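Take a look at the letters that make up each chain.
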Amino acid sequence: MFSPSKGEAVDAKNTYLDQAKMAVMGYAIDISNDLLKIKTSKTLTEEEKENLYILIDAQLEADQLILDYDITGLEDYEELHAGLCSLCADDMRMIQKIKDSIENGLVPSQELLQNYVSLRGENYSWVFEKLGQEDVGEALESAFDI
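These notes cover the structure that comes with them.

Rules of the game
- Once a new chain begins, its residue numbering starts again from 1 and follows that chain's sequence as written.
- Where local features are concerned, this predicted model is filtered to residues with pLDDT of at least 70; where side-chain atom pairs are given and counted, the filter is 80 or more; whole-chain, interface and lining totals use all residues.
- With hydrogens and water excluded, all non-hydrogen atoms of the structure serve as input to the side-chain values.
- Strands here mean DSSP runs of E at least two residues long; helices mean DSSP runs of H or I at least four residues long; both are numbered from the N terminus.
- Only protein chains enter the calculation, and the probe is 1.4 Å; a residue is then buried if its accessible area is under 20% of its type maximum, exposed if over 50%, and partly exposed in between.
- Contacts were defined at the residue level, with two residues in contact if any of their heavy atoms lie within 4.5 Å.
- Accessible surface area values rest on a Shrake-Rupley calculation with a 1.4 Å probe, where residue burial reflects the displayed protein chains alone.
- Counted charges follow a simple rule, with Lys and Arg positive, Asp and Glu negative, and His plus the chain ends left uncounted.
- What counts as a salt bridge is simple: a side-chain nitrogen of Lys or Arg found within 4 Å of a carboxyl oxygen of Asp or Glu.
- By this rule the span expected of a helix is its residue count minus one, scaled by 1.5 Å.
- Simply put, an axis is a line fit to the C-alpha atoms, just over the touching stretch for a helix, and the angle between two N-to-C directions goes from 0 to 180 degrees.
- These descriptions rest on fixed angle ranges, namely under 35 degrees for roughly parallel, over 145 for roughly antiparallel, 65 to 115 for roughly perpendicular, and the rest for oblique.
- Crossing handedness: left-handed means the near helix sits turned counterclockwise from the far one by under a right angle, and right-handed means the same turn made clockwise.
- Three classes are used: nonpolar for Ala, Val, Leu, Ile, Met, Phe, Trp, Tyr, Cys and Pro, charged for Asp, Glu, Lys and Arg, and polar for all others, with Gly counted as polar.
- Ring pairs shown here join Phe, Tyr and Trp side chains whose ring centres sit within 6.5 Å, with only the six-membered ring taken for Trp; geometry is labelled stacked below 30 degrees between planes, edge-to-face above 60, and tilted in between.

1. Considerations on the overall build of the chain
Part 1: Of the regular secondary structure elements, the chain holds 6 helices and 0 strands.
Part 2: Going from the N terminus to the C terminus, the chain shows its helices and strands as α-α-α-α-α-α.
Part 3: In the chain, which comprises 146 residues, the proportion classed as buried is 36%.
Part 4: Look at the contacts in the chain between residues 6 or more apart in sequence, and 78% of them connect residues 24 or more apart.
Part 5: As presented, the chain carries roughly 8,700 Å² of accessible surface, and 54% of it is formed by carbon and sulfur atoms.

Here's what the structure looks like:
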């Protein structure tokens, strides 16, 4: 049976955590800010549309990477991964609704924006906590060369 070296295991863990962070934090703030600006102005320019499409597509890609991620060898992250997959699937559905609204030339509704913010705010808080714990653990490992 093949057992990855410590370096390979660390690389796999870091790659997974980096991708998890992108799904959680990568584009959501910029998307939320752009949507708030659009909602406040009640207009949707072509430039705003294009910028949102870029951000939305990048977020959808980050979410999909988590959904497709093979966590073989990362058993310590099974619970985090299962929860994150559920959140990414919810996020993708919500973002697609926002994208559909924009593609139809509509300013996304207040309810749609609130649902997106709620999904991101409340449901992702435990993921931030888990990822934060990992950052602290990695810093300690580096400091003490464990």
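Let's pick the thread back up.
2. Some remarks on the side chain of Glu 48
Part 1: Tracing the backbone through its elements, the reader meets Glu 48 in helix α3 (residues 46-68).
Part 2: Within the buried core, Glu 48 has no salt-bridge partner, and the shortest N-O distance to an opposite charge, that of Lys 37, equals 4.1 Å.
Part 3: Discounting chain neighbours no more than four positions away, the residues touching Glu 48 are Lys 37, Ile 38 and Thr 43.

3. Here we look at α3
For an α-helix, 3.6 residues make a turn, and residues three or four places apart therefore share a direction.
Part 1: In this model, α3 (23 residues) spans 32 Å end to end at C-alpha, consistent with the 33 Å of a helix rising 1.5 Å per residue.
Part 2: For α3, the complete set of buried residues consists of Glu 48, Lys 49, Leu 52, Tyr 53, Leu 55, Ile 56, Ala 58, Gln 59, Leu 60, Ala 62, Asp 63 and Ile 66.

4. Regarding the pattern of salt bridges
Part 1: Evaluation of the coordinates by the stated rule reveals 3 salt bridges.
Part 2: Between Lys 99 and Asp 57 there is a salt bridge whose closest N-O contact spans 2.7 Å. Linking Lys 99 in helix α4 (residues 78-103) with Asp 57 in helix α3, this pair joins segments that are 42 residues apart in sequence.
Part 3: Using a relative accessible area of 13% as the deciding quantity, one classes Lys 99 as buried.
Part 4: Residue Arg 93 is joined to Asp 90 by a salt bridge in which the shortest nitrogen-to-oxygen separation is 2.3 Å.

5. Section: the environment of Leu 67
Part 1: Structurally, Leu 67 is set in helix α3.
Part 2: When the C-alpha atoms of Leu 67 and His 81 are compared, they prove to be 8.6 Å apart, with 14 residues separating the residues in sequence.

6. What about the packing of α3 against α4?
Part 1: Packing of α3 against α4 brings their axes to within 9 Å, and their N-to-C directions diverge by 155°. Taken together, α3 and α4 sit at an angle that is classed as roughly antiparallel. Here the hand of the crossing between α3 and α4 comes out left-handed.
Part 2: The residue makeup of the contact of α3 with α4, split by class, is 14 nonpolar, 4 polar and 6 charged.

7. A word on α4
Part 1: Compared with an ideal rise of 1.5 Å per residue, which puts 26 residues at 38 Å, α4 spans 36 Å between its outermost C-alpha atoms and is within 8% of the ideal.
Part 2: Looking one or two places after α4, you find Gly 105, whose phi comes out positive at around 80°.

8. Some remarks on the packing of aromatic side chains
Part 1: One pass over the structure, following the stated rule, counts 2 aromatic pairs.
Part 2: Ring geometry for Tyr 16 against Tyr 77: centres 6.0 Å apart, planes inclined by 50°, an arrangement best described as tilted. Within this pair, whereas Tyr 16 is found in helix α1 (residues 6-26), its partner Tyr 77 is found in the loop between α3 and α4, the two being separated by 61 residues in sequence. A single burial state applies to Tyr 16 and to Tyr 77, both of which are buried.

Such coordinate-based values are descriptive only and should not be taken to indicate function.
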